Structures are given as structure tokens and as C-alpha cells.
Amino acid sequence: MERDSFNKQPSQTAAKALFILESFSASSPEWGIRDLSRELGINPSTVHRLVATLHNTGYLQQDPETQRYSLGPRVMKLASLYAHQNPLPSAALEVFERYAKICDYNFYLGTLSKYEVVYLAKLDGRGPIKIVVEPGGTTALHTSALGTVLLANQSDAFIQGFIQKDSLRIYTQRSITAPEVLWEQVNEIRQSGYAINDGEHYEDVAAVGVPVYDSSGNVSMGVSLAYLRHLAESGRVKVEDVVPFAREIAAEIALRAGPFMNSHR
């Protein structure tokens, strides 16, 4: 969820509680009340009440010495239930692990969630790239190969809505900030069937993204392979070699998880 959107939700209280849970990550596994208040822009007393409720119900736990909070064991119940109902992440990881033995890319599977990409599965390859992102994490549509390939497979009205929402945030000096440039990229992706990220989200990281098609030819997910930008600049990694590799991975994931993809479009 976008952090400025809880005021637009039917239940602001529930939205704020969800924002609190989503604040916990691999890079920020613990939070204090005041830190959360500053991070989310929510009144400290409100944060305290919501955190106390989440703590009492087992979704958060508190360190008795530091008084800081981390995710509680109750979260595992939801995670386990999702993993049981959705075979895609585990199927993708099995495919990624097999291909990771023969290349140095990082592997990602993601899906569209409103105007963001949500990662469903990821695997760091043997290379030096280590991006702190976990399944359930999000990234921007316009600055990632995964995002732009998913964006290009949406309707023009969807893309225009994304642009009008002032979503072209700057992450690096290479980030796309002009609507006309984004439209050019979308049209190129629609022609070629793949997307390229050239340091638009992280300065030193490049990637290739391809769609994952279901049996009806629809696209709701994508695969991306990431590598160091300087490897492409030096010619050691060539896009024309990465694209068929990515397509092969996407096709295998679609084949293994086909029934689920068709029933959850």
C-alpha cells in the first residue's frame, strides 16, 4: 500500500494497522513507537494503541529490554496459509534454483498490485548483487524491468491513470520522469515483448523483464533477471542473450503453475 492512501480507505484504523505491519522488513526488523510514528506520519498515541492491539493478538512481539517491537508468531499462520493456497512462489523458486547453478543473475517473480509491483519470489544468484527485497515487498512500475513489462501489458487507460497519479518518482538520475518517455518505452516493450532496466532504480543494477503468460495469453505476472550494469556496458552481459533465457524461465513457471494462474487472473 502507498503510505499516503490510508485516509482514502473505508476503515482508516484498519489501514493504519496494516501500514504498521508492512513497516517491518529485513532491513527494519524492529521498531519503537516514536520511530513508527515518524516513519508513517501517524500520531504516537494512535500508533501505541494499534501496536498494543497487534501485540495482544500475537501479530507483534516486544523485546522486554529494548521495548521495541518485531513481527510475532501469529504472522506465520497467514504466511503458511498463503503458501499453501498459492503454489507460484515455491514453483518459481524451484525453477530459479535450477537456473542459478548455471548463471550469475538475480531472479525475481512479481505481480501487479494497483500501481506497484509485489514480489512473489526472489533468489540471489552467485553474482555480487545483493538487493534487500523479500517476497511481499514492492517496487515501482516505471523504474524496474519487472514493472515496465507489466505496465506495458496493461490498457492505455491504466497507464494514463498511473501517470496522472504523479507516480513517476525519481530514484536515480536515469529514472524516467517524463510521461512521453514512458509511453515510448511502453510502445517499445509492446513491440519487442521484453523490458530493460538500465540503472533506473539502482544506479549500478540493470535487468531484463519478460511477461509470464497464462494459457489464454493473459499477463498478470512477470520475471526479471538482474545483473551489474557495468557488465552490460563492457559487453560481458548481452541483452540478446538474457532475453531468451528469461523467457525460458517464465515459460517453465507458467507451465508448472498453469492451473493456479488461470483461476486467479
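Below is a summary of the structure that appears in this document. What you are looking at is a predicted structure, and each value in this text was computed from that prediction instead of being measured.

Once that is clear, we can look at the overall build of the chain. Scanning the chain from terminus to terminus reveals eleven helices and eight strands. The 265 residues of the chain split such that 47% are buried. For the chain, the exposed surface amounts to about 14,000 Å²; the carbon and sulfur share of it is 51%.

Judged by pairing direction, the sheet is antiparallel, and its six strands sit side by side in the order β5-β4-β3-β8-β7-β6 without closing on themselves. Pairing within the sheet leaves two strands with one partner each, and these edge strands are β5 (138–140) and β6 (195–198). Put simply, the sheet's adjacent strands are angled 35 degrees from each other on average, direction ignored. Relative to strand β4 (residues 116–123), strand β3 (residues 106–113) runs antiparallel, the two sharing seven bridges. By the bridge assignment, G110 is partnered in β4 with Y119.

All right, on to the pattern of salt bridges then. Going through the model one piece at a time under the given rule, you end up with nine salt bridges. Between K122 and D124 there is a salt bridge, and its shortest N-O distance comes to 3.3 Å. A residue is classified by how much of its surface remains accessible, and D124, at 26% relative accessible area, is partly exposed. Each of E30, D35, R38 and R68 takes part in a single network of salt bridges with overlapping partners.

We now examine the pairing of β4. Across the eight residues that make up β4, a large majority, eight, are buried. Hairpin connection from β3 to β4: two residues lie between these consecutive antiparallel strands, with K114 at a positive phi of about 55 degrees. Where β4 meets β5, three bridges bridge the pair, whose relative direction is antiparallel. What sits directly across from V117, in β5, is T139.

Another aspect to go through is the nonpolar core. Ranked by internal contacts, the top residues of the largest apolar core, which has 60 residues, are F96, Y105, F107, L109, V223, L225 and I249. No other element matches the nine residues that helix α10 (residues 239–256) contributes to this core. In this view, I249 contacts V95, F96, Y99, F107, V223 and L225; residues no more than four positions away in its chain are not counted. Core analysis: the next-biggest nonpolar cluster, separate from the first, contains 15 residues, A17, F24, L40 and L60 among them.

Turning our eyes to something else, we now look at the packing of helix α7 (residues 156–164) against helix α8 (residues 179–192). Between α7 and α8, whose axes approach to 11 Å, the crossing angle comes to 150 degrees. By the angle between their axes, α7 is roughly antiparallel relative to α8. Crossing of α7 against α8: the hand is right-handed. Contact residues: D156, I159, Q160, F162 and I163 in α7; P179, L182, W183, V186 and R190 in α8. Considered class by class, the residues forming the contact of α7 with α8 number seven nonpolar, one polar and two charged.

What follows is about the packing of helix α2 (residues 33–40) against helix α3 (residues 44–56). Running from N to C, α2 and α3 point in directions that differ by 115 degrees, and their axes come no closer than 9 Å. For the crossing formed where α2 meets α3, the hand is right-handed. Here I33, R34, L36 and S37 of α2 lie close against α3, whose contacting residues are P44, V47, H48 and V51. Its residues placed into classes, the contact of α2 with α3 shows five nonpolar, two polar and one charged.

Strand β8 (residues 219–228) sits mainly inside the fold: nine of its ten residues count as buried. Pairing of β3 with β8, which is carried by six bridges, proceeds in the antiparallel orientation. Its bridge partner being in β8, T111 is matched across the sheet by M221. Bridge analysis of strand β7 (residues 205–213) against β8 gives nine bridges, and the strand direction is antiparallel. Residue pairing for β8: P211 is matched across the bridge by G222. Here β7 folds back onto β8, and the loop between the two strands holds five residues, one of which, G217, carries a positive phi near 85 degrees.

Here α10 is 18 residues long and its end C-alpha atoms lie 26 Å apart, about the 26 Å a rise of 1.5 Å per residue gives. Those residues of α10 that sit buried are V239, V242, V243, F245, A246, I249, A250, E252, I253 and A254.

Definitions and limits used
- Residues numbered from 1 in each chain as written.
- Predicted model: local features only at pLDDT ≥ 70, side-chain atom pairs only at ≥ 80, totals over all residues.
- Heavy atoms only, no water.
- Helix = DSSP H or I, 4+ residues; strand = E, 2+ residues; numbered from the N terminus.
- Buried < 20%, exposed > 50% of the residue type's maximum accessible area, 1.4 Å probe, protein only.
- Areas by Shrake-Rupley, 256 points an atom, 1.4 Å probe, with all protein chains shown as cover.
- Pairing = 2+ DSSP bridges.
- Axes fitted to C-alpha atoms, helices over the stretch in contact; angles between N-to-C directions.
- Salt bridge = Lys/Arg side-chain N within 4 Å of Asp/Glu carboxyl O.
- Core = buried A, V, L, I, M, F, W, Y, C linked by side-chain atoms within 4.5 Å.
- Contact = heavy atoms within 4.5 Å.
- Parallel < 35°, antiparallel > 145°, perpendicular 65-115°, else oblique.
- Left-handed = near helix turned anticlockwise from the far one by under 90°.
- Nonpolar A, V, L, I, M, F, W, Y, C, P; charged D, E, K, R; others polar.
- Expected span 1.5 Å × (residues − 1).

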